[in-house]
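Analysis of the macromolecular model
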Amino acid sequence: MRNIFRYILLVIVISIMSTGLFQYYQNFDEARSYNNFLDSAGLISSLHYEASDEFKKILDFSEISREEFEDKINKVVSNSKEAYEIINNTESSLTLKEKELLSLATMYWLQGLELFEVSIITLIDNPDSAKIQNSIAQSISDMSIGDRSYSEFLFLIKQNALNEGTFLPVLYDIEYVGLEDNSFRFADLLVEKAKSSTGGLFLRRNIAISGAEFKPIPIAITEDDYSVLLNEKIELQIVLTNEGNVDAYDVVILILITDEYGETVYEQQSKIDSIGPQESRIFYSDAINIEPGVLHEWFIKLEEVEKEEDLNDNLFSVFGFIPPEG
């Protein structure tokens, strides 16, 4: 009987110790998982803090070129993808409201940023794209949901930390667009701001004739702005400028020389291989003899390049004459 009692007592003691050890291990495992989650949350917060700061600079649009825009938005989206992978690789067994909120934030931020990138590039390539504002508005809405989810995550995790005395990593206040109540109005403003950008966000194609000068240099200029020329072969030095922000290829220049009677004296057509953005090139017309005592006009025309904006500066004309003999 005594042995049975001892056996029962031993079983009870072992059971109590096992339960205690299990509870200890379970608490330890939960604490380890939670600390790992906090480390991940700190890294996610750091990535999105950097990305959101860069994103706000992008939204200015005023002096950003297309190349700069693509570089900056790529970095922002890259950070967002990295943060999304981090939260998805946290322990699946960890079920916390904080984790759920942070997961929502990273998902909607990434979703919104990727859509924003595609939408703005579509707008840049096709400024007249129909209903592009809808796509941009959706991206703004997604980022706003991400902002709200993260704000709730931050409030909850800080509140719980105060109650339980948990040490938190650095968790930044993050906001991409804020709690936007009218994403369509926001999208309209962004489109308008982007289109008024002066930094080369949109591709601008514009070649121009900046000026022209006779060679040899005229000996005088009349009140009517006619050049008085020497009696020798005359050529024209023409300055061509690419006032756009993309290369202009195969630029065709036409030169028509007529006399005061409307008769064509000379025609010339040439092609310039390329002119870089904001670059000027000097082009010389053929040197020709003209009849003394007769006023001549050199009419110059640049054929428009594809989707050129301003054609008024593609035309230029100058007048000159050689004084009559005797």
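Nothing here was measured: the structure is a model prediction, and the numbers come from that model.

Remarks on the packing of aromatic side chains
For any pair of aromatic rings, the description consists of the separation of the ring centres together with the inter-plane angle of the planes. Counted under the stated rule, the structure contains nine aromatic pairs. Where phenylalanine 55 meets phenylalanine 116, the ring centres are 5.0 Å apart and the plane angle is 70°; that geometry is what we call edge-to-face. In this pair, phenylalanine 55 is assigned in helix H1 (residues 2–58) and phenylalanine 116 in helix H3 (residues 97–125), connecting sequence segments 61 residues apart. Assigned by exposure class, phenylalanine 55 and phenylalanine 116 land together as buried. Aromatic pair phenylalanine 61 and phenylalanine 69: ring centres 6.3 Å apart, planes at 35°, arrangement tilted. For the residue pair phenylalanine 61 and phenylalanine 69, the accessibility class agrees, reading buried in each case.

Section: the layout of surface pockets
The gaps of empty space that remain are located by a probe, the size of a water molecule, rolled over the atoms. Empty space within the largest pocket amounts to approximately 290 Å³. In terms of lining residues, the largest pocket is bounded by Ile124, Asp125, Pro127, Lys195, Ser197, Phe202, Leu203, Arg204, Arg205, Lys307 and Glu309. In terms of residue class, the lining of the largest pocket is built from four nonpolar, one polar and six charged.

Topic: a nonpolar patch on the surface
Taken together, Tyr49, Val170 and Tyr172 make up a surface patch of nonpolar side chains, about 280 Å² in accessible area. Take valine 170: it is sitting in the loop between helix H4 (132–164) and helix H5 (183–195). The exposure class of valine 170 is exposed, given its relative accessible area of 56%.

Details of the pairing of strand E5 (residues 248–259)
Relative to strand E6 (residues 264–275), E5 is paired through ten bridges, and the arrangement is antiparallel. Note that in E6 the partner of alanine 248 across the bridge is isoleucine 275. Hairpin connection from E5 to E6: four residues lie between these consecutive antiparallel strands, with glycine 262 at a positive phi of about 85°. With seven bridges connecting them, E5 and strand E8 (residues 296–302) associate as antiparallel partners. By the bridge assignment for E8, isoleucine 255 is matched with isoleucine 300.

Some points on unusual backbone geometry
With an omega dihedral of 0°, the bond running from lysine 215 to proline 216 counts as a cis peptide bond. Mapped onto the fold, proline 216 is located in the loop between strand E1 (207–215) and strand E2 (220–221). One non-glycine residue, aspartate 225, lies in the positive phi region at around 70°. Its place among the elements puts aspartate 225 in the loop between E2 and strand E3 (227–228). The exposure class assigned to aspartate 225 is exposed, which follows from its relative accessible area of 57%. Of note, glutamine 278 is a non-glycine position whose phi angle comes to about 60°, a positive value. On the accessibility criterion, glutamine 278 (55% relative accessible area) is exposed.

Some details on the packing of helix H2 (residues 66–88) against H3
Interaxial distance between H2 and H3 falls to 9 Å at its minimum, and their mutual angle equals 160°. Overall, the two elements H2 and H3 adopt an arrangement that is roughly antiparallel. For the pair H2 and H3, the crossing hand works out as left-handed. The class makeup of the residues in the contact of H2 with H3 is 16 nonpolar, four polar and seven charged.

Focus on the sheet that holds strand E4 (residues 235–242)
The strand order across the open sheet formed by three strands is E1-E4-E7, and the pairing between neighbours is antiparallel. Either end of the sheet is taken by a strand with one partner, and the two such strands are E1 and strand E7 (280–284). Between one strand axis and the next, the sheet turns by 20° as a mean value, whatever way the strands run. As paired elements, E4 and E7 share five bridges and run antiparallel to each other. Across the sheet, isoleucine 238 pairs through a bridge with phenylalanine 283, a residue of E7.

Thoughts on the confidence of the model for the protein
Summary statistics for the protein give a mean pLDDT of 86 and a share of 86% for residues scoring 70 or more. Segment residues 17–29: pLDDT under 50, and zero contacts once partners within four positions in sequence are set aside and those in other chains are kept.

Points about the side chain of serine 270
Along the chain, serine 270 falls in strand E6. Serine 270 sits in the buried class, given a relative accessible area of 19%. Of note is the side chain of serine 270, whose polar atom sits 3.4 Å from the side chain of glutamine 268. Aside from chain neighbours lying at most four places away, what touches serine 270 is Val251, Val252, Ile253 and Phe283.

Some points on the pattern of salt bridges
Close approach of charged atoms allows side chains of opposite charge to pair. Taken as a whole, this structure holds eight salt bridges when the rule is applied. A salt bridge links glutamate 70 to arginine 66, with the shortest nitrogen-to-oxygen separation between them at 3.0 Å. On the criterion of helical spacing, the pair formed by glutamate 70 and arginine 66 is a turn pair, its members being four residues apart in helix H2.

So, how was this worked out
- Residues numbered from 1 in each chain as written.
- Predicted model: local features only at pLDDT ≥ 70, side-chain atom pairs only at ≥ 80, totals over all residues.
- Heavy atoms only, no water.
- Phe/Tyr/Trp six-rings, centres within 6.5 Å; stacked < 30°, edge-to-face > 60°.
- Helix = DSSP H or I, 4+ residues; strand = E, 2+ residues; numbered from the N terminus.
- Buried < 20%, exposed > 50% of the residue type's maximum accessible area, 1.4 Å probe, protein only.
- 1 Å grid on protein atoms, 1.4 Å probe; cavity = no way out; pocket = protein on both sides within 12 Å on 5 of 7 lines; lining within 4 Å.
- Points joined across faces, edges and corners; volume = space filled by probe spheres on them.
- Nonpolar A, V, L, I, M, F, W, Y, C, P; charged D, E, K, R; others polar.
- Patch = residues over 30% accessible without salt bridge, like charges linked within 9 Å, V, L, I, M, F, W, Y side chains within 5 Å.
- Areas by Shrake-Rupley, 256 points an atom, 1.4 Å probe, with all protein chains shown as cover.
- Salt bridge = Lys/Arg side-chain N within 4 Å of Asp/Glu carboxyl O.
- Pairing = 2+ DSSP bridges.
- Axes fitted to C-alpha atoms, helices over the stretch in contact; angles between N-to-C directions.
- Parallel < 35°, antiparallel > 145°, perpendicular 65-115°, else oblique.
- Left-handed = near helix turned anticlockwise from the far one by under 90°.
- pLDDT = per-residue confidence, 0-100.
- Contact = heavy atoms within 4.5 Å.
- Polar contact = N/O pair within 3.5 Å; in protein donor to acceptor, adjacent residues only side chain to side chain.

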